[in-house]
Amino acid sequence: MEMKQKVASKFEELFGAGAFLYASPGRINLIGEHTDYNGGFVFPGAVDKGIIAAIKPNGTDKVRAFSIDLDELAEFGLREEDKPVQSWAHYIFGVCREMQKRGVEVKGFDTTFAGDVPLGAGMSSSAALESTYAFALNELYNGNIDKFELARVGQSTEHNYCGVNCGIMDQFASVFGKEGCLMRLDCRSMEFAYFPFHPEGYKLVLLDSVVKHALVGSPYNDRRASCERVAKMLGQEFLRGATMEQLDAIKDKISDEDYRRARYVIGEERRVLAVCDALERDDYETVGKCMFETHWGMSKDYEVSCEELDFLAAVAEECGVTGSRIMGGGFGGCTINLVKEELYDNFIATAKEKFAAKYGHEPKVYPVIISDGSRRLE
Ligand code: GLA
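What counts as what
- Residues numbered from 1 in each chain as written.
- Predicted model: local features only at pLDDT ≥ 70, side-chain atom pairs only at ≥ 80, totals over all residues.
- Heavy atoms only, no water.
- Near = heavy atom within 4 Å.
- Polar contact = N/O pair within 3.5 Å; in protein donor to acceptor, adjacent residues only side chain to side chain.
- Nonpolar A, V, L, I, M, F, W, Y, C, P; charged D, E, K, R; others polar.
- Patch = residues over 30% accessible without salt bridge, like charges linked within 9 Å, V, L, I, M, F, W, Y side chains within 5 Å.
- Areas by Shrake-Rupley, 256 points an atom, 1.4 Å probe, with all protein chains shown as cover.
- Salt bridge = Lys/Arg side-chain N within 4 Å of Asp/Glu carboxyl O.
- Lys, Arg positive; Asp, Glu negative; His and termini not counted.
- Charge placed at Lys NZ, Arg CZ, Asp CG, Glu CD.
- Helix = DSSP H or I, 4+ residues; strand = E, 2+ residues; numbered from the N terminus.
- Buried < 20%, exposed > 50% of the residue type's maximum accessible area, 1.4 Å probe, protein only.
- Phe/Tyr/Trp six-rings, centres within 6.5 Å; stacked < 30°, edge-to-face > 60°.
- Lys NZ or Arg CZ within 6 Å of the ring centre and 35° of its normal.

(A) Region of interest: the site of the ligand. Near the ligand, the surroundings consist of 13 residues, among which Glu 33, His 34, Asp 36, Asp 170 and Tyr 220 are the closest. For the ligand, an oxygen atom lies 2.7 Å from a polar atom in the side chain of Glu 33. In terms of residue class, the shell around the ligand is made up of five nonpolar, four polar and four charged.

This is the structure in structure tokens:
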């Protein structure tokens, strides 16, 4: 059954008729990883996989939320002390609370939801969930909150209710996504532009190592703290704009670990800008070269890779793939690969075979289809 159908019929079965349907996508990111919370640039796009929710106000002060994928119901109130026990429900609860903090009079509602963003693959399943509810509650309770603020509702939910000090990229991409377009976002000024992305002769494909990443309680927050320490030493709000010369000048005053974290971020900022330039010229060789550099920077300096992801990037290199790198926060999940069409079949077959020989299972393969952001479904 189609996901939309499944969500709607489960709602009817549990709560009756009259629900509204909303959807928000997961995302990919071409380049610009761990730059968002450093005030830098990111280059994401929304994908054709996401979350769909059916939702209807129920006239009470309680939320009844049913996760179809987990086959579990959570019931909770809307006051700060009503945080539900189920961790998946923290996302919905957090969004309600963050909307209320922004003056929206959120009341009780019934909801069912399901998703097809692979969990823990670094494709932002949690942002898809947050954006779905932020967008829906804004419409249903006449919130008048603009799309940037809806993205911030999701981000604050992560900070205040889920323990992840994430940047804005995932929620931004989920809310603002547009079919066929990547988006270059300046995370300091929040200016952004849509980039139609149709790389002729190439395909974008994700290989999921199926090593689950969980950013909650993970070293993700430590990476951010390192960057903030170095920025402070440099007398800046963000690492954005810092140069290698400036970093080298304070090398003796910071730990080797912080030095390497900052070195990666400074390099990544340069790469995002190089990729933007290269895209203007349809120069995908440069784009790919930067992607590989990002991968090894994330692996060696930022240390957010794992053996399986390094293996996948190395196989891509051997197969003549134009660019390949870890995508998202890291610690597992996917690589994103820019592959010439004529090499595609061989690359996928080789990666499956070699990965399975080493790790006992094949990576999952998701061709990237760049799609629309948060929306109400008819
Ligand atoms: C996660 C976070 C984002 C971003 C990426 C790394 O997806 O949620 O804000 O920091 O990691 O680029």
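(B) The arrangement of a negative patch on the surface in detail. On the surface, a cluster of negative charge is made up of Glu 200, Asp 282, Glu 341 and Glu 342. Tracing the backbone through its elements, the reader meets Glu 341 in helix H11 (residues 341-359). Since its relative accessible area comes to 42%, Glu 341 is described here as partly exposed.

(C) Fine view of the packing of aromatic side chains. Applying the stated rule across the entire model yields 21 aromatic pairs. Relative to Phe 93, the ring of Phe 76 has its centre 5.7 Å away and its plane inclined at 90 degrees; by these criteria the two rings are edge-to-face. In this pair, Phe 76 sits in strand E5 (residues 72-77) while Phe 93 sits in helix H2 (residues 87-101), placing the two residues 17 residues apart along the sequence. Accessibility classification places Phe 76 together with Phe 93 in one group, the buried group. Aromatic pair Phe 93 and Tyr 161: ring centres 5.7 Å apart, planes at 90 degrees, arrangement edge-to-face. Here the residue Phe 93 occupies a position in helix H2, and Tyr 161 occupies one in helix H4 (residues 147-162), the gap between them amounting to 68 residues. Accessibility expressed as a relative area gives 4% for Tyr 161, which makes it buried. By way of ring pairs, the aromatic residues Phe 148, Phe 172, Phe 176, Phe 192 and Tyr 194 are connected into one cluster. One cation-aromatic arrangement involves Lys 203 over Tyr 344; the distance from NZ or CZ to the ring centre is 4.5 Å. Lys 251 extends its terminal NZ or CZ atom over the ring of Tyr 259, reaching a point 4.6 Å from the ring centre.

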